[in-house]
Amino acid sequence: DTAVSQTPKYLVTQMGNDKSIKCEQNLGHDTMYWYKQDSKKFLKIMFSYNNKELIINETVPNRFSPKSPDKAHLNLHINSLELGDSAVYFCASSQDDRAEQFFGPGTRLTVL
Amino acid sequence: SQQGEEDPQALSIQEGENATMNCSYKTSINNLQWYRQNSGRGLVHLILIRSNEREKHSGRLRVTLDTSKKSSSLLITASRAADTASYFCATTGTYKYIFGTGTRLKVLA
């Protein structure tokens, strides 16, 4: 059983397009996150959600819009993709904001 | 930037040797966690140490925490080729985990 799953695993698209990444966790956790990992492997938090409510928006451009239809899902929609958006995006979840996090396998986004 | 720093950035050792990596952070913390990332995969949690703890063990892992110096270290004893990965520390604040820059460990068989 996969604890945190993301789709798609790879995403290659042209500049200016809109794309979505889906994330689901079956751990019953209350808190979910999106991270961006750049080419230097720096991992930076983008959003934190608790019980479907946005808690942290870490100065992410408005082109990124997360949506949490229920506690088990946190999707990420990106409008007007730019070259600098190319990265690996990780979804994660945890029972609370201090507990260990469980990460998804990542989505490698390449913007051409 | 709030991002923590780890050193060394890269470490190459022989199988059977011990590996030590260090993490420094900038803010006050609830706890500090260490994660491993194999190439092309998501991060996996290794160990958590609370701010009132000084040392913790888990199998071949030993973590220390010095809150006065805002630093932590991860020791992997008797390393194996399968330990080859990147290792990250993460400090927790309110709904925010701040990850270090990572140490790339290579264990040579």
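Just above sits the structure.
Computed from a prediction, not measured in an experiment: that's the story for all the values here.

Draft legend 1. Just the interface of chain A and chain B, in detail. Contacts between the two partners involve 25 residues from chain A and, on the opposite side, 22 residues from chain B. Summed over both partners, the interface of chain A with chain B comes to about 1,900 Å²; 53% of that surface belongs to carbon and sulfur atoms. Considering only the surface of chain A that becomes buried against chain B, Leu43(A), Asp97(A) and Arg98(A) emerge as the three largest contributors, covering 30% of it. The shortest N-O distance in the salt bridge between Lys96(B) and Glu58(A) comes to 2.9 Å. Seen at the junction of chain A and chain B, the total is 10 residue pairs in polar contact (both at pLDDT 80 or more). Sorting the residues of the side of chain A that touches chain B by element identifies strand E4 (31-37), strand E5 (43-50), strand E6 (53-57) and strand E9 (87-94) of chain A as the ones contributing at least two each. Split by residue class, the side of chain A that touches chain B holds 11 nonpolar, 7 polar and 7 charged.

Draft legend 2. Representation of unusual backbone geometry. Cis geometry marks the peptide bond from Thr7(A) to Pro8(A); its omega dihedral reads -5°. If you trace the backbone, Pro8(A) turns up in the loop between strand E1 (4-7) and strand E2 (10-13). Note that the residue after Asp7(B), namely Pro8(B), is joined by a cis bond; omega there is 0°. Within the fold, Pro8(B) resides in the loop between strand E1 (5-7) and strand E2 (10-14). Even without being a glycine, Thr59(A) presents a positive backbone phi close to 45°. The exposure class assigned to Thr59(A) is exposed, which follows from its relative accessible area of 70%.

Draft legend 3. The pattern of salt bridges, seen in detail. All names here are of chain B. Scanning the entire structure with this criterion turns up 6 salt bridges over all chains. With a shortest N-O distance of 3.1 Å, Arg62 and Glu55 are connected by a salt bridge. On the accessibility criterion, Arg62 (30% relative accessible area) is partly exposed. Taking relative accessible area as the criterion, Glu55 reaches 40% and is therefore assigned partly exposed.

Draft legend 4. Geometry of the nonpolar core. All names here are of chain B. Of all hydrophobic cores here, the largest spans 21 residues; its most connected members are Met21, Leu32, Trp34, Leu74, Ile76, Tyr87 and Leu105. Elements with a contribution of two residues or more to this core: strand E3 (19-24), strand E4 (31-37), strand E5 (43-50), strand E7 (61-66), strand E8 (71-76), strand E9 (85-93) and strand E11 (103-108). In this view, Leu105 contacts Leu11, Ile13, Ala19, Met21, Ile76, Asp83, Thr84, Ala85 and Tyr87; residues no more than four positions away in its chain are not counted.

Draft legend 5. View of the side chain of Thr92(B). Looking at where Thr92(B) falls in the secondary structure, it is placed in strand E9. Within polar-contact distance, the side chain of Thr92(B) engages the side chain of Asn31(B) at 3.1 Å. Apart from the residues lying within four places of it in its own chain, the contact partners of Thr92(B) are Asp97(A), Arg98(A), Ile29(B), Asn30(B), Asn31(B), Gln33(B) and Tyr97(B).

Rules used in this analysis
- Residues numbered from 1 in each chain as written.
- Chains lettered and ligands numbered in written order.
- Predicted model: local features only at pLDDT ≥ 70, side-chain atom pairs only at ≥ 80, totals over all residues.
- Heavy atoms only, no water.
- Contact = heavy atoms within 4.5 Å.
- Buried area = accessible area lost by both parts, 1.4 Å probe.
- Salt bridge = Lys/Arg side-chain N within 4 Å of Asp/Glu carboxyl O.
- Polar contact = N/O pair within 3.5 Å; in protein donor to acceptor, adjacent residues only side chain to side chain.
- Helix = DSSP H or I, 4+ residues; strand = E, 2+ residues; numbered from the N terminus.
- Nonpolar A, V, L, I, M, F, W, Y, C, P; charged D, E, K, R; others polar.
- Buried < 20%, exposed > 50% of the residue type's maximum accessible area, 1.4 Å probe, protein only.
- Core = buried A, V, L, I, M, F, W, Y, C linked by side-chain atoms within 4.5 Å.

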